[in-house]
Amino acid sequence: PDLRVGVVGAGLMGTDHITRLTTTIAGATVSAIVEPDETRSAAATALAPGAATYTRIEDALEAGAMDAVVVATPGQFHEPVLLAALRAGLPILCEKPLTPDPESSWRVLETEQAVGRRLIQVGFMRRFDPQYRQLRDLVAAGTAGELLMVRGVHRNPAVPGSYTQQMLINDSVVHEFDVVPWLAGGTIRSVEVRYAKRNALSPAHLREPILVLMELDNDVLVDVEMNVSIQFGYQVATEAVFQRGVARIGQPEGLQLWQDAAFRIAEHEGFGTRFSAAYDAQLRAWVDATRRGEATGPSAWDGYKVAVACAAGVEALGTTGPVALDLPPAPDLYA
Ligand code: ISE
């Protein structure tokens with residue numbers, strides 16, 4: 001039988017997951033939608049006609065309406081939803097971030113440990129992007145020698161007025177805090193932020209672009225340009241410097257056009273197309289693993305480590321020099 005999935009939160013990401021689950025992912029059905037806003041709830045139900053609707057996750061759990069949960073509310077509402085789903089013993093795919101701060105992420109970790117088995121996969125979908133996977137394989141194979149440094153750019157064309165300075169870290173660099181240690185095989189030791197000349201096209205309350213420097217505990221140095229006002233399109237690209245070579249991912253791969261004595265390649269406009277394959281693969285892996293009774297992918301411990309890195313990153317926005325990370329040892333469940 002199909003896995004009965006409940007989707008909590010029917011905003012942009014929740015709706016996206018519902019569409020993928022109903023159109024592209026085999027073996028799963030959206031059986032419940034939990035969304036307090038009536039308009040959103042109705043729009044989401046139109047995409048998954050059989051789904052029952054609820055305004056609170058407790059009611060969906062009480063009704064036994066789902067076998068597994070996708071959590072797609074804004075991050076600040078994740079904790080109570082995660083705790084309720086964990087206590088009910090349900091497997092969870094939780095959109096990033098796990099929670100917005102280390103303290104609440106730690107409470108989630110403790111609850112999962114009390115259940116005694118991994119139930120959470122965090123939605124760090126870049127790990128499922130085919131090119132990131134190839135790069136990670138190259139690092140692990142060692143055929144270009146040891147990895148020395150990673151240079152990344154994370155560029156958004158523009159952001160809404162609700163996007164805050166801290167979101168440069170918590171909402172955007174949060175992805176690099178997960179994916180770079182994963183591909184480089186290390187843990188973040190420190191985070192530093194440097195400011196570029198301010199872009200006069202940025203919203204008035206933002207000071208960016210920024211350069212985020214990370215040192216990993218295996219001595220790999222990482223720099224990321226975080227830029228949310230680049231105007232021309234959406235670009236997430238990485239260059240990895242090895243002992244005997246250099247690898248690049250995320251280069252423009254769209255339509256190539258020669259015209260008027262010029263050459264152009266179409267670029268992405270948003271993360272929806274840039275990471276479309278990653279979102280599909282992430283959801284497929286989660287559904288498949290859940291049906292086998294397993295949990296794979298980024299764990300709640302990974303989510304906790306990223307929360308600690310984000311706290312250091314936010315501190316680094318307001319300080320000069322590197323901010324060291326203080327991580328406890330991994331609990332046995334995640335070791
Ligand atoms: C957004 O929330 C994402 O997750 C995107 O991947 C990222 O590029 C963007 O900066 C974030 O705001």
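Residues numbered from 1 in each chain as written. Predicted model: local features only at pLDDT ≥ 70, side-chain atom pairs only at ≥ 80, totals over all residues.

A few words on the site of the ligand. Residues in close proximity to the ligand include Asn156, Asp171, Ser172, His175 and Phe271, which together make up its full environment. It is helix H7 (residues 167-184) that provides the largest number of residues to the shell around the ligand, a total of three residues. (Near = placed C-beta within 6 Å. Helix = DSSP H or I, 4+ residues; strand = E, 2+ residues; numbered from the N terminus.)

So, about the sheet that holds strand S8 (residues 188-195). Strand order in this open sheet of seven strands is S12-S11-S7-S10-S9-S8-S15, and the pairing throughout is mixed. Across the chains shown, the open sheet's two edge strands, defined by having one partner strand only, are strand S12 (246-249) and strand S15 (323-324). Along the sheet, H7 contacts strand S7 (147-155), S8, strand S9 (210-216) and strand S10 (221-227); its crossing angle with S7, the most-contacted strand, is approximately 150°. Sheet strands in contact with helix H10 (residues 300-317) are S8, S9 and S15, and its direction is about 30° off that of S8. (Pairing = 2+ DSSP bridges. Contact = placed C-beta atoms within 7 Å. Axes fitted to C-alpha atoms, helices over the stretch in contact; angles between N-to-C directions.)

Here we take up helix H1 (residues 12-23). The periodicity of an α-helix, 3.6 residues per turn, causes residues three or four positions apart to be oriented the same way. Over its 12 residues, H1 extends 17 Å from the first C-alpha to the last, a length consistent with the 16 Å expected when each residue adds 1.5 Å. Of the positions making up H1, those classed as buried are Gly14, Thr15, His17, Ile18, Arg20 and Leu21. (Expected span 1.5 Å × (residues − 1). Buried ≥ 20, exposed ≤ 12 C-beta atoms within 10 Å, placed from the backbone.)

Assigned domains within the protein: domain 1 (3-126 + 277-298) and domain 2 (128-270 + 307-334). The gap between the C-alpha centroids of domain 1 and domain 2 is 26 Å. Contacts between the two partners involve 20 residues from domain 1, matched on the other side by 15 residues from domain 2. If you list the elements that add at least two residues to the side of domain 1 that touches domain 2, you get helix H5 (102-115) and helix H9 (276-291). Per-class residue counts for the side of domain 1 that touches domain 2 are 12 nonpolar, four polar and four charged. (Domains from an automatic or database assignment. Nonpolar A, V, L, I, M, F, W, Y, C, P; charged D, E, K, R; others polar.)

Helix-helix packing is described using two parameters, namely the angle between the two axes and the distance between the axes. Running from N to C, helix H6 (residues 130-141) and H7 point in directions that differ by 35°, and their axes come no closer than 8 Å. Taken together, the residues of H7 that come into contact with H6 (itself represented by Tyr132, Leu135, Arg136 and Val139) are Val179, Trp182, Leu183 and Ala184. Here the residues of the contact of H6 with H7 are counted per class, giving seven nonpolar, no polar and one charged.

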